[in-house]
Amino acid sequence: MLNKKKLVLALGALSVSASMLLTGCGGSQQAATSGSSSGAAISGKISASGSTALLPLLKPAQEAFQDKYKDVTVNVAGGGSFTGMNQVAEGSVDIGDSDVNLPDEYKDKGLVDHKVVVEPFVFIVDKANKVDNLTKDQVVGILTGKIQNWKDVGGDDQKITLIHRAKSSGSRATISDVVLKGANFTDDAVIQDSNGAVRAAIASTPGSIGYVDAPYADDSVKVLKFDGVEYSAQNIIDGKYPIYGYGHMYTKGEPTGAVKAFIDYILSDEFQNSQVEKLGFIPVSKMKK
C-alpha cells in the first residue's frame, strides 16, 4: 500500500514538473516572438546631431522608424559633422552624424563607425548665371580666391561671391579633401551654418557659387557640371563624377537597444532599397569596390 502511494505521488510530481516546463518554454517563445515581430520590446529615446547633409535622409528615416516602433522617440538635429562627433564622444548624444571619416584626434574616444550611405555633392549658382560647367582647375581657382570674376570662366563680367560652410562642416571637409587636395579656401567668403542656408543664399545672390549635398539642389538654383560631367547617381557609381563622400553614424561603443535598432533600420534592405535613392543618396552596396 505504501509503495502504491509513493508511486502515485511520484507520478503527480512528474506531471506537475512537465507541465511547468512546457508552460515555461511556451511563455519564453511567445515573449521572444512578440518582441521581434511587433517591436514592443524596443523603447526609449534616441538623440542624434551633426551633419546637415544627412538630414534629408535621417528625417524620413526618423518618421518611418517611429511609425514602426511606437515606443521610441528619435530626435535628429544638425550642427555640423564635427559638432556631432564632439557631442557623441562627450556622451551628450547617442549618435554623431558626420560626412567625414573619423579624424585621428577622435580615434581614442571609443567611437564606432557605421557607414550608412553615399553622399553626393554638387556646385550650385544662381539661376541667372550663364556658366554651365567648370573644370576642376577653375573650381579650385574660385574656392582659393585666385579667380574672382565670372568673365574669367566664360560668364558675365560679374564679381564671384563664394557662399559656403564653416570649418566645423563635414561638407566643407569633403570638398577640401576631394577638390582642393590640400589647398586653402579663401577667407573672402560668406559663411552659412547649413546646406539649406547655403542654397537659399545662393538662390538670392547674383554671381554667387557654393556647394551643397545633392538632395538640397532644387529648382531655386542651377547645378553646374564638373569637368564636363553632370551629376547623377549612375555617374558616381561608374566613377565618372568624383564629388562625393560617405555618411557616417558614430556611436560611443557598440550600440544597443533602440539606438542599434535605428541604425539597423537605416542599413536594412527595407530602407536602403526603397528610400535611399528617392531621397537623393546612393546605397553603399551599389559602389564598385
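Residues numbered from 1 in each chain as written. Predicted model: local features only at pLDDT ≥ 70, side-chain atom pairs only at ≥ 80, totals over all residues. Heavy atoms only, no water.

1. Brief notes about the pattern of salt bridges
The cut-off we apply is this: Salt bridge, as used here: a side-chain nitrogen of Lys or Arg that lies within 4 Å of a carboxyl oxygen of Asp or Glu. Each helix is a run of H or I in the DSSP string that is no shorter than four residues. Each strand is a run of E no shorter than two, and both are numbered from the N terminus. Throughout, exposure labels follow a simple rule: accessible area from a 1.4 Å probe, protein chains only, divided by the maximum for the residue type, with under 20% read as buried, over 50% as exposed, and the rest as partly exposed.
Inspection of the entire model under this criterion finds seven salt bridges. With a closest N to O distance of 3.8 Å, glutamate 270 and lysine 68 form a salt bridge. Of this pair, glutamate 270 sits in helix 9 (residues 269–274) while lysine 68 is found in helix 2 (residues 55–68), placing the two residues 202 residues apart along the sequence. Overall, lysine 68 belongs to the partly exposed group, its relative accessible area being 37%. The partner of lysine 286 in a salt bridge is glutamate 277, and the shortest N-O contact between them spans 2.5 Å. Taking relative accessible area as the criterion, lysine 286 reaches 38% and is therefore assigned partly exposed.

2. Describing the packing of helix 4 (residues 136–144) against helix 5 (residues 170–180)
Here is the rule: Helix axes use the C-alpha atoms of the stretch in contact, all axes being lines fitted to C-alpha atoms, and the angles between their N-to-C directions lie in the range 0 to 180 degrees. Working rule for angles: under 35 degrees goes down as roughly parallel, over 145 as roughly antiparallel, 65 to 115 as roughly perpendicular, anything else as oblique. Two helices cross in a left-handed way if the nearer one is turned anticlockwise from the farther one by less than a right angle. They cross in a right-handed way if the turn is clockwise. By definition in these notes, contact holds between two residues if any of their heavy atoms fall within 4.5 Å. In this classification, the charged set is Asp, Glu, Lys and Arg, the nonpolar set is Ala, Val, Leu, Ile, Met, Phe, Trp, Tyr, Cys and Pro, and all remaining amino acids, among them Gly, are polar.
Following both chains from N to C, one finds helix 4 and helix 5 inclined at 135°, their axes separated by 11 Å at the closest point. When the axis of helix 4 is compared with that of helix 5, the two are oblique. The handedness of the crossing between helix 4 and helix 5 is left-handed. When helix 4 is examined against helix 5, the residues Lys136, Val139, Val140, Leu143 and Thr144 are found in contact with a partner set consisting of Ile175, Val178, Val179 and Leu180. When the residues that make up the contact of helix 4 with helix 5 are grouped by side-chain class, the tally is seven nonpolar, one polar and one charged.

3. So, helix 4
Every buried residue belonging to helix 4 is among Gln138, Val139, Gly141, Ile142, Leu143 and Thr144, and all of these are buried. In the segment just after helix 4, glycine 145 is the residue with positive phi, at about 90°.

4. A closer look at the packing of aromatic side chains
Stated formally: To pair, rings of Phe, Tyr and Trp, with the six-membered ring standing in for Trp, must have centres within 6.5 Å; the planes then decide the type, stacked if under 30 degrees apart, edge-to-face if over 60, and tilted in the middle. Criterion for a charge above a ring: Lys NZ or Arg CZ within 6 Å of the ring centre, and within 35 degrees of the ring normal.
Going through the model one piece at a time under the given rule, you end up with nine aromatic pairs. With a centroid separation of 5.6 Å and an interplanar angle of 65°, the aromatic rings of tyrosine 231 and tyrosine 241 are classed as edge-to-face. Residue tyrosine 231 is located in the loop between strand 10 (225–226) and helix 7 (233–237), and its partner tyrosine 241 is located in the loop between helix 7 and strand 11 (244–252); the two are separated by ten residues in the primary sequence. Through a chain of ring-to-ring contacts, three or more aromatic side chains come together here, namely Phe65, Tyr69, Phe262, Tyr265 and Phe271. The ring of tyrosine 246 has lysine 115 lying over it, and the distance from NZ or CZ to the ring centre is 4.4 Å.

Taken by themselves, the reported measurements are silent on function.
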